[in-house]
Amino acid sequence: YSISREEKNKALLEEEMANVNDYLRIQQYRFRNKILVKENVEPMAKKCCVPKLLMQPIVENAVFYGLEPKNGERNRTIDAYCTAKRLIIKVADNGIGMSVDKLKTINDALINGIRTKSNGTSLFLLPVS
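Below is a summary of the structure that appears in this document. (Residues numbered from 1 in each chain as written. Predicted model: local features only at pLDDT ≥ 70, side-chain atom pairs only at ≥ 80, totals over all residues. Heavy atoms only, no water.)

A word on the sheet that holds strand 4 (residues 74-82)
(1) Moving on: Reading across the sheet, the three strands line up as 2-4-5 and stay open at both edges, with mixed pairing between neighbours. The open sheet has two free edges, formed respectively by strand 2 (35-41) and strand 5 (87-93), since each of these has just one partner strand. With strand direction ignored, the average angle separating the axes of adjacent strands in the sheet is 5 degrees.
(2) Moving on: In this sheet, strand 5 lies alongside strand 4 in antiparallel orientation, the contact comprising seven bridges. In the sheet register, Asp-79 faces strand 5, and the bridge partner there is Lys-90.
(3) Moving on: Docked against the sheet, helix 1 (residues 13-30) engages strand 2, strand 4 and strand 5, running at close to 175 degrees with respect to strand 2.
(4) Moving on: Of the strands in this sheet, strand 2, strand 4 and strand 5 are in contact with helix 3 (residues 55-67), which crosses strand 5 at around 20 degrees. (Pairing = 2+ DSSP bridges. Helix = DSSP H or I, 4+ residues; strand = E, 2+ residues; numbered from the N terminus. Axes fitted to C-alpha atoms, helices over the stretch in contact; angles between N-to-C directions. Contact = heavy atoms within 4.5 Å.)

Here it is, written out as structure tokens:
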């Protein structure tokens, strides 16, 4: 997928979703079909152009950090829809989540553009204007 198109930086959301579904098919083998996958993607949203490989790392993190360590039912949902000016994409799961302190650290980093450390990796997060 990453090298299959001449325009390497952009893809339609429906192409991104197909790539995500290929990834999830592999994960379903690993988890013996114990991940319930739901998608609510409006037809208009499918035709929106997005940065290539936007979705797969987000879904991969949801599986790795949220669903993999969880026991019992594992659910993952992607919703996508358009407003007058934006494409809204929501990736949700019922995984183990994160602590309030960790969430605050990430949010502070996003708001203030500070350096944070996660699993031994330094990240510098800049606020979006």
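Observations regarding the pairing of strand 4
(1) Moving on: Of the strand pairs in this sheet, strand 2 and strand 4 are connected by seven bridges, and their pairing is parallel. Paired with Val-37 across the bridge in strand 4 is Arg-76.
(2) Moving on: Connecting the antiparallel pair strand 4 and strand 5 is a turn made up of four residues.

Looking at unusual backbone geometry
(1) Moving on: One non-glycine residue, Leu-53, lies in positive phi territory at about 65 degrees.
(2) Moving on: With respect to the helices and strands, the residue Leu-53 is situated in the loop between strand 3 (49-51) and helix 3.
(3) Moving on: By relative accessible area, Leu-53 is classed as partly exposed at 35%. (Buried < 20%, exposed > 50% of the residue type's maximum accessible area, 1.4 Å probe, protein only.)

Structural notes on helix 3
Owing to its 3.6 residues per turn, the α-helix brings residues three or four apart onto one side.
(1) Moving on: For helix 3, the set of buried residues is Met-55, Gln-56, Val-59, Ala-62, Val-63, Gly-66 and Leu-67. Relative to the axis of helix 3, the buried residues are bounded by an arc of 145 degrees and lie together on one face.
(2) Moving on: Packing partners of the buried residues in helix 3 comprise helix 1, strand 2, strand 4 and strand 5. (Arc of directions from axis to C-beta.)

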